[in-house]
Amino acid sequence: MIYRSTRSKITASPCQAILAGIAPDGGLYLPEEFSFPGFCAEETVKKDFYGIAADVLFALFPEFSRREVEEMVRKAYSGKFQTEDVAPTVKVGEDYVLELFRGPTCAFKDVALSILPHLLSKSRGKLGVTDQIVILTATSGDTGKAALEGFCDVEGTKILVFYPHGGVSRVQRAQMVTQRGSNTFVSAIRGNFDDAQTGVKNIFTSFAEKNTMAGTGARLSSANSINIGRLAPQIVYYFKAYGDLLREGRIAWGDKVDFVVPTGNFGNILAGYFARLLGLPVGKLVCASNANNVLTDFIRSGTYDKRRPFYQTTSPSMDILVSSNLERLLFLLSEGDDGAVAQWMKELNTDGVYTVPENLLAKLKETFTAYCLSDGEASSVLGKVYKETGYLCDPHTAVAMGAALEYKEKEGTENPVVVLSTASPFKFSRPVLEAIGEDAEGDEFDLLRRLARVSGLEIPKSLAELEELPERHSGVIAKEAMPDFVLEKIK
Ligand SMILES: *Cc1c(COP(=O)(O)O)cnc(C)c1O
């Protein structure tokens, strides 16, 4: 199996692609061909989450042995999720909700970030790399914690996370500063999220230019969703949901299922497209966005235009104007036209806008459709679903639930509809309490308890215990001190 860049003819082996993250030409890695000898979707859907994960990851990364893949899957998920089946499917009204938030940080990024560190560590071994892999991450709250949990005590890796001092919620701060593990390092910086992100980017470029890492026995890497090792594990839960509907007798093999996906960087929904290419009978993929609706406009018109206001919404993990993983879909739909993809990405960078040809848009619309909701609309959907069905969801999921309603109303569908749920309502207690008409004033930990009381749900253990855990990383540094912090922790 060979991987190739979306922007030129550069190729890599699976392990090289995982270890590098991004291709040298700035493109993203994709399998050269979506043909997977030995993989049979109909057999795979019958397995449990672990079996599906092993099949899918072995198909995509055959450089690992089957046994190695099974071991990585077990290490990543066993005992780390609230439910043994990792991602349960729940019936809500006439639709289904696929709960992707049962992991250690109560958000969907856990699914991929639990296994990416093992894929990186094993790739390092396969390629005979002896350097420590040092992951640098700037976070506005959620990704940092999911990455810390995933990399915690994984051999051959270290992880350093920077967050803006005073710029994350009390619960988010508590999640990060209490992080355990001998290879985890966290610091607040005096500045905002952009300062943290710029600081990290500058370290990558200046260390490369000055060859700072030479002789340290370490190399820098990142854990963001452009890495194929983060995308591949997300294919698994589409199979899991389909299998759940089969077992329930809701569908027979071959029946199509529609998926509604709360979308930011386009990784989650793209994995659904990959599942389809692997032979899963996926019907429509419905792209759900908040007020930052650049993808809704693109999927409807074929013009991607990021020149628009940026809104801070109650679904912050979807507040994105440049959805990196869309590049992979464009490559696949243009049948591997790397020149065209490189040109569109260049236009996006220089002019902030590009338009794809009619035939590509038509192909895109065969699988994708898109809806967007304002905060107010999502909040009223959240409240209405809770009132009518008793099911409580978080604001990101509420955006998808609203999109599902509109999709069914406007387009009609015979297929069962599965809404992907990406965060626990307890991660966003304040807007959730507001949406269900409860008092939302007060300290965040009090709001957690209030939400538990009024909903009758239990606070996830990993959040409940935070107030009691000792702080291990309470430092605050100037943003100029970030490079020294990195060098000190590498040694
Ligand atoms: C990251 C995230 C998303 C968006 O997923 P993408 O893969 O970036 O499209 C949606 N909801 C939550 C809670 C997230 O953390």
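This write-up is about the structure you can find in this document.

Rules behind the numbers
Residues numbered from 1 in each chain as written. Predicted model: local features only at pLDDT ≥ 70, side-chain atom pairs only at ≥ 80, totals over all residues. Heavy atoms only, no water. Salt bridge = Lys/Arg side-chain N within 4 Å of Asp/Glu carboxyl O. Helix = DSSP H or I, 4+ residues; strand = E, 2+ residues; numbered from the N terminus. Buried < 20%, exposed > 50% of the residue type's maximum accessible area, 1.4 Å probe, protein only. Near = heavy atom within 4 Å. Polar contact = N/O pair within 3.5 Å; in protein donor to acceptor, adjacent residues only side chain to side chain. Areas by Shrake-Rupley, 256 points an atom, 1.4 Å probe, with all protein chains shown as cover. Nonpolar A, V, L, I, M, F, W, Y, C, P; charged D, E, K, R; others polar. Axes fitted to C-alpha atoms, helices over the stretch in contact; angles between N-to-C directions. Left-handed = near helix turned anticlockwise from the far one by under 90°. Contact = heavy atoms within 4.5 Å. Pairing = 2+ DSSP bridges. Lys, Arg positive; Asp, Glu negative; His and termini not counted.

Moving on, we come to the pattern of salt bridges. Overall, the coordinates contain 31 salt bridges when judged by the stated rule. As a salt-bridge pair, Asp 142 and Lys 427 come within 2.9 Å of each other at their nearest N and O atoms. Here Asp 142 is found in helix H7 (residues 142-151), whereas its partner Lys 427 is found in the loop between strand S15 (417-421) and helix H19 (429-435), with 285 residues between them in sequence. Judged on exposure class, the residue Asp 142 and its partner Lys 427 are both buried. A salt bridge links Arg 173 to Glu 471; the nearest nitrogen and oxygen atoms lie 3.0 Å apart. Within this pair, whereas Arg 173 is found in helix H8 (residues 170-177), its partner Glu 471 is found in the loop between helix H21 (461-464) and strand S16 (476-478), the two being separated by 298 residues in sequence. Judged by its relative accessible area of 29%, Arg 173 falls in the partly exposed class. Accessibility expressed as a relative area gives 46% for Glu 471, which makes it partly exposed. Sharing partners across several salt bridges, the network here consists of Lys 47, Asp 55, Arg 66 and Glu 70.

Within helix H14 (residues 326-333), 8 of the 8 residues are buried, leaving the element largely enclosed by the surrounding structure. Considered for burial, the residues of H14 that qualify are Leu 326, Glu 327, Arg 328, Leu 329, Leu 330, Phe 331, Leu 332 and Leu 333.

Here we come to the site of the ligand. Around the ligand sit 14 residues in total, of which Lys 109, Gly 264, Asn 265, Asn 268 and Thr 422 are the nearest. Gly 267 is positioned such that a nitrogen or oxygen atom in its backbone is 3.3 Å from an oxygen atom of the ligand. Starting from 380 Å² of accessible surface for the ligand in isolation, the protein chains cover 96%. Residues belonging to the shell around the ligand are distributed by class as follows: 5 nonpolar, 8 polar and 1 charged.

Contact pair H14 / helix H15 (residues 338-350): the axes reach a minimum separation of 9 Å and the direction vectors enclose 145°. Once H14 is placed against H15, the crossing between them reads as right-handed. Listed contacts from H15 to Glu 327, Leu 330 and Phe 331 of H14 are Asp 338, Val 341, Trp 344 and Met 345.

Let's shift gears to the pairing of S15. Across the 5 residues of S15, 5 count as buried, placing the element largely inside the fold. Burial along S15 is two-sided: Val 417, Val 419 and Ser 421 facing one way and Val 418 and Leu 420 facing the other are all buried. Here strand S10 (residues 257-262) runs beside S15; their pairing, made up of 3 bridges, is parallel. Bridge pairing in S15 places Asp 258 opposite Val 417.

This paragraph deals with the side chain of Lys 284. Inspection of the secondary structure assignment puts Lys 284 in strand S11 (residues 282-289). No salt bridge is formed by the buried Lys 284; the nearest opposite charge belongs to Glu 411, separated by 4.2 Å. When residues no more than four places from it in sequence are discounted, the contact partners of Lys 284 are Val 257, Asp 258, Phe 259, Lys 365, Glu 366, Thr 367, Phe 368, Thr 369, Tyr 407 and Glu 411.

Even without a glycine there, the phi angle at Asp 153 is positive, about 60°. Among the secondary structure elements, Asp 153 is positioned in the loop between H7 and strand S7 (157-164). Given a relative accessible area of 48%, Asp 153 falls into the partly exposed group. If you check the backbone angles, Glu 335 has positive phi at about 55° while not being a glycine. Looking at the element boundaries, Glu 335 is found in the loop between H14 and H15.

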